[in-house]
Structures are given as C-alpha cells and as structure tokens.
Amino acid sequence: MQVEIPTILRKIVARKFEEIEARKGQTSYANLEVAASVANVHNAPRGFAQALRNKVAAGKAGVIAEIKKASPSKGVLRESFSPAQIARSYEQHGAACLSVLTDQDFFMGHEDYLVEARNACKLPVIRKDFMVDEYQIMEARAIGADCILLIAACLDGAQLKAFDALARELGMDVLVEVHNKAELDLALEHTQTELLGINNRDLHTFDLSLDHTFELMKGVPDDRLIVTESGIHTRDDVALMRKNEIHAFLVGEAFMKAQNPGEKLAELFE
Ligand SMILES: O=P(O)(O)OC[C@@H](O)[C@@H](O)c1c[nH]c2ccccc12
C-alpha cells in the first residue's frame, strides 16, 4: 500500500472538503444555481481568455495580476490590504486580468474580496481556490467570477472533465494548472480549455524553478495559450520568458510586497 505524505496541498484539500460540507449546510446548490443565473444577467462573464489573448495579439505581455494577502509558503505578504484599491491600481497599469484568492484558511482570502475587486474595475477575474466539488464552481459564477482555476495535482481525469464542462456551461473560462508531464497529459486529455497554466512552484514541496515552464511547454499544442505561474520577480524573469515565446503571466508575490502593486506591474512589464 502506498502511504500518502501529508504535504501542504493534501492538507489544504482535506480542509477544503470540510469547508464545502459546512457551506452546503448554509446555502443549497439549488440556491447557488439561481444566484449564478442572476449573475449571468447582471455580472455577465467578461471574457478572461479573450482579454489575455488581446494583449498578446497586440505584442504585449498578458498579465494576470493577483490579489492575495498571504500564502502558506511566505506568510502575510501585505498588511494594508484593500482589494478594490489594488484592482484599480492593476487596471491602471495595464493588467489583462485579475486573480483573487478566495481560500480563507491558508491564503487569508475571501469571496468578498473577489466581489470588491471586480466591482472596482472592468477586468475579468479568476477565482483562485482549490476546486474539488461542483458546488464551488457554481459558487464562483454566483459571486461573479469570469474564470476558475483547476489544479491537475488535486483532480482526476473525470473531475477535470466534469468541472471544465460545467464552468464553460456557465460561461466561464478555465485555467488548468499543471506542474509536471503526467499532469499535463491528464489536462490535455480531459479538458478543452485554451488556457494552460504551468506552475513553477510545486504545491507539495514549495520548490520553485522557472525551468518547469521551459520543460513542459514543448508538450503543449500550439492552439493553447500558456500562462507561466509563480516566481516571476524581475524584468529579467519576464525577458527570459518572452524570449522563449511565453507571453502570459500570473504574478502575485512580487506585486503584493510592493508599496504600489500597479506601479510594480508597470516596472516589470513595460
Ligand atoms: O506569488 P507568485 O509566486 O507570483 O505566484 C502567483 C501564483 O502563481 C500562485 O499564487 C499560485 C499558482 N497556483 C496556485 C494555486 C493555488 C494557490 C496559489 C497559486
């Protein structure tokens, strides 16, 4: 028998199942469905993938700028934390999209932060969380998310397929995140999404290397847009990616630690 090591990712996922059970006790799936259809009228999806594509087609970097107060690897990243202010600052300085952490226990995130950030600007927003149940996908659209993240490291093929299909049915885009070849193959086999995230950080160990992007990109079909995720801190990191034909980025820490997140974005990407 294989013994499962309680890595950080496994701890997060175990906790996530408890959290979802508690939520189901408060709001039924049927209620979320109603809220999602209301959201499709008043907060129609803003076209997350398209916004990224537009930047890249214009010869620019497509930046998904992240709003996260803390992370399990680095602790609190930012004391003064106003999602609306940060969202406007990102928009002003050329972000294509926003990423908002909604996980409370490990990232000090909240659904309200997504709502505040999205209401403060016109950018499409991805709900950044650990999706392990359809309930969370319906909830994502109900709170106005334009895209969801699916992490291949914590899903099997059947789940990837079902969650990807549900998200699209609701009008959202999907960013499928992989970290190694096995996960990439799984993602390509079971999802249709045009956005393929390569996480440079291993969510089991926190090891980080930009080489993951260069190793895995070879196996990605041309019609997918690759998003390099995590560990982008300098103009040199950006230049190295762009030299290798990677033009879409997901950046959090470097912006969150800067006094002015939007100005930091401009500094790295202009
Ligand atoms: O803060 P960084 O190193 O710039 O990374 C951002 C983003 O890639 C990271 O927050 C992330 C990537 N995949 C995730 C999955 C869950 C939570 C967080 C993440």
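How each quantity is defined
Every chain begins its residue count from 1, and numbering advances along the sequence as written. Per-residue local features of the predicted model are confined to residues with pLDDT of at least 70, and side-chain atom pairs are confined, for both listing and counting, to 80 or more; whole-chain, interface and lining totals are unaffected and use all residues. Only heavy atoms go into the side-chain values, all of them from the structure, while hydrogens and water stay out. UniProt positions are given in the numbering used here, feature names are shortened, and annotations may be inferred rather than shown by experiment. Each helix is a run of H or I in the DSSP string that is no shorter than four residues. Each strand is a run of E no shorter than two, and both are numbered from the N terminus. For the radius of gyration, the atoms used are the C-alpha atoms, and the globule rule reads 2.2 Å times the number of residues raised to 0.38. Exposure is judged per residue with a 1.4 Å probe applied to protein chains only, and the accessible area is read against the type maximum: over 50% gives exposed, under 20% gives buried, and values in between give partly exposed. The definitions used throughout rest on a 1 Å grid laid over the protein atoms alone, on which a cavity is an enclosed set of points accommodating a 1.4 Å probe that cannot get out and a pocket is an open set flanked by protein within 12 Å on both sides along at least five of seven lines; lining residues are those having an atom within 4 Å of a point. Grid points are joined across faces, edges and corners, and a volume is the space filled by probe spheres set on the points. As a working rule, the residues Ala, Val, Leu, Ile, Met, Phe, Trp, Tyr, Cys and Pro are called nonpolar, Asp, Glu, Lys and Arg charged, and the rest polar, with Gly in that last group. Distance and chemistry together define a polar contact, namely a pair of N or O atoms within 3.5 Å, with one atom able to donate a hydrogen and the other to accept it when in protein, and with adjacent residues in sequence counting only for side-chain atoms on both sides. The contact rule is simple, with two residues in contact once any of their heavy atoms fall within 4.5 Å. Paired strands, as defined in this entry, are two strands with at least two bridges between them according to DSSP. With its strands directed away from the observer, a crossover is right-handed exactly when the path from the first strand over the helix to the second travels clockwise. Two aromatic rings, drawn from Phe, Tyr or Trp (for Trp, its six-membered ring), form a pair once their centres lie within 6.5 Å of each other, and the interplanar angle then sorts them: stacked below 30 degrees, edge-to-face above 60, tilted otherwise. For helices, the fitted line uses only the C-alpha atoms of the stretch in contact; every axis is such a line through C-alpha atoms, and the angle between N-to-C directions lies from 0 to 180 degrees. Here the angle decides the label: under 35 degrees means roughly parallel, over 145 means roughly antiparallel, 65 to 115 means roughly perpendicular, and every other value means oblique. Helix crossings are classified by the rotation of the near helix relative to the far one: an anticlockwise turn of less than a right angle makes the crossing left-handed, while a clockwise turn makes it right-handed. Proximity is defined per residue: if any heavy atom of the residue lies within 4 Å of a molecule or strand, that residue is considered near it. Reported accessibility uses the Shrake-Rupley method at a 1.4 Å probe radius. Residues are deemed covered only where the shown protein chains occlude them. Whether a molecule sits in a cavity or pocket is decided by its atoms, more than half of which must lie within 2 Å of the grid points.

The chain is annotated in an unreviewed UniProt entry as Indole-3-glycerol phosphate synthase of Marinomonas pollencensis. UniProt, in its Sequence similarities (unreviewed entry) section for the chain, records the words "Belongs to the TrpC family." One UniProt comment on the chain, placed under Catalytic activity (unreviewed entry), says "1-(2-carboxyphenylamino)-1-deoxy-D-ribulose 5-phosphate + H(+) = (1S,2R)-1-C-(indol-3-yl)glycerol 3-phosphate + CO2 + H2O".

S.K.: Lay out the overall build of the chain in plain terms, naming residues and giving numbers.
M.R.: Helix and strand counts for the chain come out as twelve helices and ten strands. Taking 2.2 N^0.38 as the reference for a compact globule, 270 residues should give roughly 18 Å; the C-alpha atoms of the chain span a radius of gyration of 17 Å, in line with that estimate. With the C-alpha coordinates aligned to their principal axes, the bounding extent of the chain is approximately 50 × 50 × 35 Å. Counting across all 270 residues of the chain, residues that qualify as buried make up 55%.

S.K.: Residue-level account of empty space enclosed by the protein, with values.
M.R.: On inspection of all chains with the given rule, the structure shows one cavity of 30 Å³ or more. Taken as a whole, the largest cavity spans an internal volume of roughly 400 Å³. Around the largest cavity, the lining is made up of 30 residues, and of these Glu 66, Lys 68, Lys 128, Arg 201 and Ser 230 lie nearest the centre. Top contributing element to the lining of the largest cavity by residue count: helix H1 (residues 8-26), with three residues. Counted by class, the lining of the largest cavity contains 15 nonpolar, seven polar and eight charged residues.

S.K.: Any chance you could break down the side chain of Glu 139 for me, citing the residues and the numbers?
M.R.: Relative to the helices and strands, Glu 139 is located in helix H6 (residues 134-142). For Glu 139, a relative accessible area of 9% gives the class buried. A polar contact is formed between the side chain of Glu 139 and the side chain of Arg 127, at a distance of 3.0 Å. Setting aside anything within four residues of it in sequence, one finds Glu 139 in contact with Arg 23, Leu 32 and Arg 127.

S.K.: An account of the pairing of strand E10 (residues 248-251) is requested, with residue identities and associated values reported.
M.R.: Judged by which residues are buried, E10 turns out to be covered on both faces: Ala 248 and Leu 250 on one side and Phe 249 and Val 251 on the other are all buried. In the sheet, strand E1 (residues 62-67) pairs with E10 via four bridges, with the strands oriented parallel. Across the sheet, Ala 65 pairs through a bridge with Val 251, a residue of E10. Note that strand E9 (residues 225-229) and E10 share three bridges and pair parallel. Note on E10: the bridge partner recorded for Glu 229 is Leu 250. As for the winding sense of the linkage, the β-α-β connection from E9 through helix H10 (residues 235-243) to E10 is right-handed.

S.K.: Any chance you could break down the packing of aromatic side chains for me, citing the residues and the numbers?
M.R.: Counted by the stated rule, this structure contains four aromatic pairs. Plain terms: the ring middles of Tyr 90 and Phe 255 are 5.5 Å apart, the flat faces sit at 55 degrees to each other, and that makes the pair tilted. Here the residue Tyr 90 occupies a position in helix H4 (residues 83-92), and Phe 255 occupies one in helix H11 (residues 253-256), the gap between them amounting to 165 residues. Ring centres of Phe 249 and Phe 269 lie 5.0 Å apart, and the angle between their planes is 70 degrees; on these two criteria the pair is classed as edge-to-face. Of this pair, Phe 249 sits in strand E10 while Phe 269 sits in helix H12 (residues 261-269); the two residues are 20 residues apart in sequence, bridging distant segments of the chain. When sorted by exposure, Phe 249 lands in the same class as Phe 269, which is buried.

S.K.: Talk me through the packing of H6 against helix H7 (residues 157-169); I want residue IDs and the actual numbers.
M.R.: Contact geometry for H6 and H7: axes closest at 10 Å, N-to-C directions at 20 degrees. Classified by the angle between their axes, H6 and H7 sit roughly parallel to one another. Classified by chirality, the crossing of H7 by H6 is right-handed. From H6, Glu 134, Ile 137 and Met 138 reach across to H7, where they touch Ala 162, Phe 163, Leu 166 and Ala 167. Of the residues contributing to the contact of H6 with H7, the split by class is six nonpolar, no polar and one charged.

S.K.: Before we move on, could you go through the site of the ligand and cite the residues and values that matter?
M.R.: Taken together, 17 residues lie around the ligand, and Glu 66, Glu 177, Ser 230, Gly 252 and Glu 253 are the ones closest in. Within the side chain of Asn 199, an N or O atom sits 3.2 Å from a nitrogen atom of the ligand. Between the ligand and Ser 230 there is a distance of 2.7 Å, counted from an oxygen atom to a side-chain nitrogen or oxygen. Expressed as a share of its isolated accessible area of 440 Å², the protein-covered part of the ligand is 99%. A majority-of-atoms criterion places the ligand in the largest cavity. Taken together, the residues of the shell around the ligand sort by class into six nonpolar, four polar and seven charged.

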